[in-house]
Structures are given as structure tokens and as C-alpha cells.
Amino acid sequence: MQQTFKAADAANRLLAWYDRHHRDLPWRVSPPMARDGVVADPYHVWLSEVMLQQTTVQAVKPYFHRFLSLWPKVTDLAAADTEEVMKAWAGLGYYARARNLKKCAEAVAGNHQGVFPDTEEGLKALPGIGDYTAAAVAAIAFNRQSAVLDGNVERVVSRLHAIDTPLPTAKPQMRALVAKMTPADRPGDFAQGMMDLGATICTPKRPACALCPFNDICTALKTADPETFPRKAARKDKPLRVGAAFVASCPEGAVYLRKRVETGLLGGMTEVPGTAWTARIDGETSVEAQPFAAGWEPCGTITHVFTHFELRLSVYRANVANRNKSGNGWWEPLASLEEQALPTVMKKAIAQAIPHAFRGKRDRTREPRNT
DNA sequence: AACACGGGGTG
DNA sequence: CACCCAGTGTT
């Protein structure tokens, strides 16, 4: 495909748009300061970028503040108890990110004197930092002219150039186009501007092309339907898995919990006892899997959708007079349930058995997604 | 290159 | 409610 505009002009136009329409986010330095060469704290940038992997700004904000309040410096996070980090991450998903976050903090504290590497290459060598995050931190925190390519930017450039090659094959081509556009001056603001544009204007559905700074040079808008970009390979359908979960409570108002193995799905997180999650229920699996003998009674099912399968859990509940000591679990008071490292599916199971277990839901305010 | 890995947004 | 979104690590 051929270039129909000057990359440098496009960069200037994008920066001008960002100056007027950028969002104020807790981990950002505002454009006026950025123009004076001020850069954000690398620890803040890194923490926010890891949290923002596959996750919306709205979901990240409270977690970001909580982490900084608990661990103000990367060395604090390095010294933290991993279990406390998992608790603070609970609900954010993709829990390997939290394990790698901790490992990365330890590496920075232990091997780099508590100072983040200031190059893309140095950053990418750290746990949990891949192509995107290395480029983003290098550009935003260190003013490096790195080509930052996330899902938002992929959408913007694929439309700008009407790239017909599907993802992920087209990724190197897209990265080259972004590299060509990225300015030496304010590369971090350019990256954040491109991501903001993708998040607020060049959206997956019904993009607001009339408001876009590129609407006169966008090939997709001129020659095709922007909404059909980026092209991507057809995704496979999700299989259904089923299982059972056992929620035991006692008169003192506590629930029996245990810890999942460190690796794999929901690794290292807390759970209520249950069966394995299989394609279908075989025979008396549910009865055999009860963590201890009790008057288990069915109390409905819950459904939870993971990345690559859908889970239907039959929930059983029982009230036990004397706390069972068998197994490696523990009895957690209802009052402190919220502070546990409970993934959402486990909160659903507990809420199904004990409707009042979690009070006070998060408030939902509207805000554009992702940076 | 394909898969494993959560949770939340949109229409 | 059905569908869409999307970085890193592993294999």
C-alpha cells in the first residue's frame, strides 16, 4: 500500500488533537508539562501499563491508587508479601500479571538498584513486560522514540492504511507504520494520543470519523467501511465446562476457603472447594468431591465466562455446627471476605449460596475504555 | 503459529 | 443477553 500523507504531518496533527482532547489519568503527566520535558514516574507508568493490559481504564483506576497507597515505591512492592499482592489484584483478572508484577519489582530492586531500565530492550527483559509494555514505558517514562502498538493503535493504523492483511500477521507491518509516524519530540504523548484516539474516536463499532483528526487522510474512510478494520482471523467458539462448588458456612458467620495451586487458571488465588471443571458431569462426581461430610443442599447454578471456555457451576451450601479442620483450607469470617484473593467466579459462587456475603457493589460511572 | 489466561464493555 | 475487546508467556 502506498503512503498518501506525510508521516510527520500526521504526527503533528495527532499531538495537536491530544493537546485538546487528552484525558487526565492518575499516571499521566499533562501535555503542558510534557512539552517542558517532564516525564512521568517510571514506576507509575509501568504499574498502570501492566494493569491496563487487557483491562479498561475504569477498572484499573481504583486498583492503581490502592497499589500506590500500599506500596509507594517499586522497592516497597519488591519487599511485599506475594499473598498481599494477589489480594490487592483480586478482581482484575489475568493473575499471572500479578505474579510477574511482583517478580519484575524484585528484579528492578535486586538487579537494577531500584531503577527501571530506560531502554525498550532492557525493559523487555523483565518479567511481564512484552513488546507493547516495553515500548510504552520507554516512550512515556523515558522519552524514547519507541513504536507503541496496542489494540487501539492497531485499529487506528489499520484503518488509516486500509490494511487487508489480517491480525496477527499484519502486526509487523503495523509496527513499521507506527515507527514511521512516531516523532522524536514527545513520543510518549504521541503514543498516548494514538491510544486515546482509538479508545474514544476510532472505536471498534461506530467510530466517530467526523471528529477524527485523520478523517481526510484515512484510506478506510475513503475507500471502504472503517468498522471492518482491523481484519482478523475468525475466532473459535467457547466450549462449555461444568462442575460443582461447595460453600460451607458456620454459625459464627465464616466460610470455608482454600488456596488454588500456583500455576494455571486462577493460579495462586483463593477458592471454595469444588470439583474439577470438565466437559460433562460424570456420575457421582459432585458427591465424591464434597470437601467434608455435611448436609449439602443444592442452591442453584452460576455461569462464568473465561477467555476460552464457559463455566457452569452447580453450587451447594451447608451450615456446619462445628468447624471442620480437615484439609488445607481455613474458615474466613464474612466480614473479611472482601479482602481475600477471590476471583470473580468464586465471589459469584459464594453470593449464590450466601446472598448477603458481599454488600456494597462498585459504582459504575461511564468512561471511555483503555488508554 | 496456536493456545492459555479474566473481566468488563457494547448494542 | 450475545457478542466483542486484547498483551504476555508458554508450547
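Because the structure is predicted, anything quoted here is derived from the model rather than measured.

Caption draft 1: Quick peek at the nonpolar core. One finds Trp46, Met51, Phe67, Trp89, Met194 and Phe214 to be the most contacted residues of the largest nonpolar core, which totals 111 residues. Looking at this core, the element that brings in the most residues is helix α9 (residues 131-142), giving nine residues. Composition of this core by domain shows at least three residues from each of domain 1 (7-228) and domain 2 (240-353). Excluding its chain neighbours within four sequence positions, the residues that come into contact with Met51 are Val60, Tyr63, Phe64, Phe67, Trp89, Leu92 and Arg97. With 12 residues, the next largest nonpolar core counts Ala248, Tyr256, Tyr316 and Val320 among its residues.

Caption draft 2: Molecular detail of the UniProt feature "domain: HhH-GPD" (unreviewed entry) in chain A. Mapped onto the present numbering, the UniProt feature "domain: HhH-GPD" (unreviewed entry) falls at residues 51-200. Across residues 51-200, the secondary structure splits into 65% helix and 0% strand, with the terminal C-alpha atoms separated by 19 Å.

Caption draft 3: Representation of the domain arrangement of chain A. What the domain assignment reports for chain A is domain 1 (7-228) and domain 2 (240-353). If you average the C-alpha positions of domain 1 and of domain 2, the two centres end up 37 Å apart. Carbon and sulfur atoms make up 51% of the area that domain 1 and domain 2 hide from each other, which totals about 780 Å². When residues of domain 1 are sorted by the area they lose upon contact with domain 2, Lys87, Tyr95 and Arg99 head the list and together hold 53% of the total. Across the contact surface, domain 1 and domain 2 share zero salt bridges. In terms of residue count, the dominant contributor to the side of domain 1 that touches domain 2 is helix α6 (residues 82-89) (three residues).

Caption draft 4: Molecular detail of the protein's contact with DNA strand C. Of all residues adjacent to DNA strand C, which total 20 residues, the nearest are Gln54, Gly128, Thr133, Gly151 and Arg235. Close to the protein, within 4 Å, the atoms of DNA strand C are drawn from sugar and phosphate at a rate of 71%. The backbone of Gly128 places a nitrogen or oxygen atom 2.3 Å from a phosphate oxygen of DNA strand C. Listing elements by their share of the surface near DNA strand C, those giving two or more residues are α9 and α10 (151-160). Among the residues forming the surface near DNA strand C, the class breakdown is five nonpolar, nine polar and six charged.

Caption draft 5: Summary view of the side chain of Thr55. Structurally, Thr55 can be placed in the loop between α3 (42-51) and α4 (57-70). By relative accessible area, which is 8% here, Thr55 ends up buried. A polar side-chain atom of Thr55 sits 2.9 Å from the main-chain carbonyl oxygen of Gln53.

Caption draft 6: How the structure looks around helix α15 (residues 344-353). Taken as a whole, α15 has its buried residues at Val345, Met346, Ala349, Ile350 and Ala353. Looking straight down α15, one finds that the buried residues subtend no more than 135 degrees of arc, so they occupy a single side. In the core, the buried residues of α15 are packed alongside β1 (240-250), β2 (254-259), β3 (270-271), β4 (297-305) and β5 (310-319).

Caption draft 7: Molecular detail of the packing of α10 against helix α11 (residues 171-181). Two elements in contact, α10 and α11, have axes whose closest approach is 10 Å; the angle formed by their N-to-C orientations is 85 degrees. Our classification of the angle between α10 and α11 gives roughly perpendicular. Contact residues: Val153, Glu154, Val157, Ser158 and Leu160 in α10; Lys171, Met174, Val178 and Met181 in α11. Grouping the amino acids of the contact of α10 with α11 by side-chain chemistry returns six nonpolar, one polar and two charged.

Caption draft 8: Broad picture of the pattern of salt bridges. A complete count under the given rule lists 19 salt bridges for this structure. Notably, a salt bridge pairs Arg175 with Asp131, separated by 3.9 Å at the nearest N-O pair. Taken together, the residues span a long stretch of sequence, with Arg175 in helix α11 and Asp131 in helix α9 at a distance of 44 residues. Overall, the relative accessible area of 25% leaves Arg175 in the partly exposed class. For Glu338, the salt bridge is made with Lys347, and the minimal N-O distance between the two is 2.8 Å.

Caption draft 9: Structural detail: the pairing of β2. Sheet topology places β1 next to β2; two bridges connect them, and they run antiparallel. Bridge assignment links Cys250 to a residue of β2, and that residue is Ala254. The antiparallel hairpin formed by β1 and β2 contains three residues in its connecting segment, where Gly253 sits at a positive phi of about 85 degrees. Sheet topology note: the β2/strand β6 (residues 330-333) ladder contains four bridges and is antiparallel. From the neighbouring strand, Ala254 faces β6, where its bridge partner is Pro333. Pairing between β2 and β3: two bridges, direction antiparallel. If you follow Lys259 over to β3, its bridge partner there is Thr270.

Caption draft 10: Region of interest: the state of the cysteines. In the structure shown here, the tally under the stated rule is zero disulfides. Lacking any disulfide linkage, Cys250 is separated from the closest cysteine sulfur, that of Cys299, by 16 Å. Take Cys250: its relative accessible area is 6%, and that puts it in the buried class.

Calculation rules
Chains are numbered independently. Their residues run from 1 in the order of the written sequence. Chain letters and ligand numbers both follow the written order, the letters beginning at A and the numbers at 1. Restriction of local features to residues with pLDDT of at least 70 applies here, the model being predicted, together with a cutoff of 80 or more for giving and counting side-chain atom pairs; totals for whole chains, interfaces and linings are based on all residues. Note that water and hydrogens are dropped before the side-chain values are worked out from all heavy atoms of the structure. Buried residues of nine kinds, namely Ala, Val, Leu, Ile, Met, Phe, Trp, Tyr and Cys, make up a nonpolar core once their side-chain atoms join them within 4.5 Å. Burial classes follow relative accessibility: with a 1.4 Å probe on protein chains only, a residue under 20% of its type's maximum area counts as buried, one over 50% as exposed, and anything between as partly exposed. Secondary structure elements follow DSSP: runs of H or I of four or more residues count as helices, runs of E of two or more count as strands, with numbering from the N terminus. Per the annotation, domain bounds derive from an automatic or database assignment of domains. Every residue pair with non-hydrogen atoms within 4.5 Å of one another is taken to be in contact. UniProt positions are given in the numbering used here, feature names are shortened, and annotations may be inferred rather than shown by experiment. Buried area: the accessible area, evaluated with a 1.4 Å probe, that two parts lose upon being put together, summed over both parts. Salt-bridge detection follows one rule: a side-chain nitrogen of Lys or Arg within 4 Å of a carboxyl oxygen of Asp or Glu. Residues are labelled near a given molecule or strand when at least one of their non-hydrogen atoms is within 4 Å of it. Pairs of N or O atoms are called polar contacts if they sit within 3.5 Å, as long as, within protein, a hydrogen donor faces a hydrogen acceptor (for residues adjacent in sequence, only side-chain-to-side-chain pairs). When residue character is reported, Ala, Val, Leu, Ile, Met, Phe, Trp, Tyr, Cys and Pro are called nonpolar, Asp, Glu, Lys and Arg charged, and the others, Gly included, polar. Note that the arc is defined by the directions from the helix axis to the C-beta atoms. Note on geometry: axes are lines fitted to C-alpha atoms, helical ones only across the stretch in contact, with angles between N-to-C directions running from 0 to 180 degrees. Roughly parallel covers angles under 35 degrees, roughly antiparallel covers those over 145, roughly perpendicular covers 65 to 115, and oblique covers all other angles. Here a strand pair is declared whenever DSSP counts at least two bridges between the two strands. Put simply, a disulfide is two cysteine sulfurs that come within 2.5 Å.

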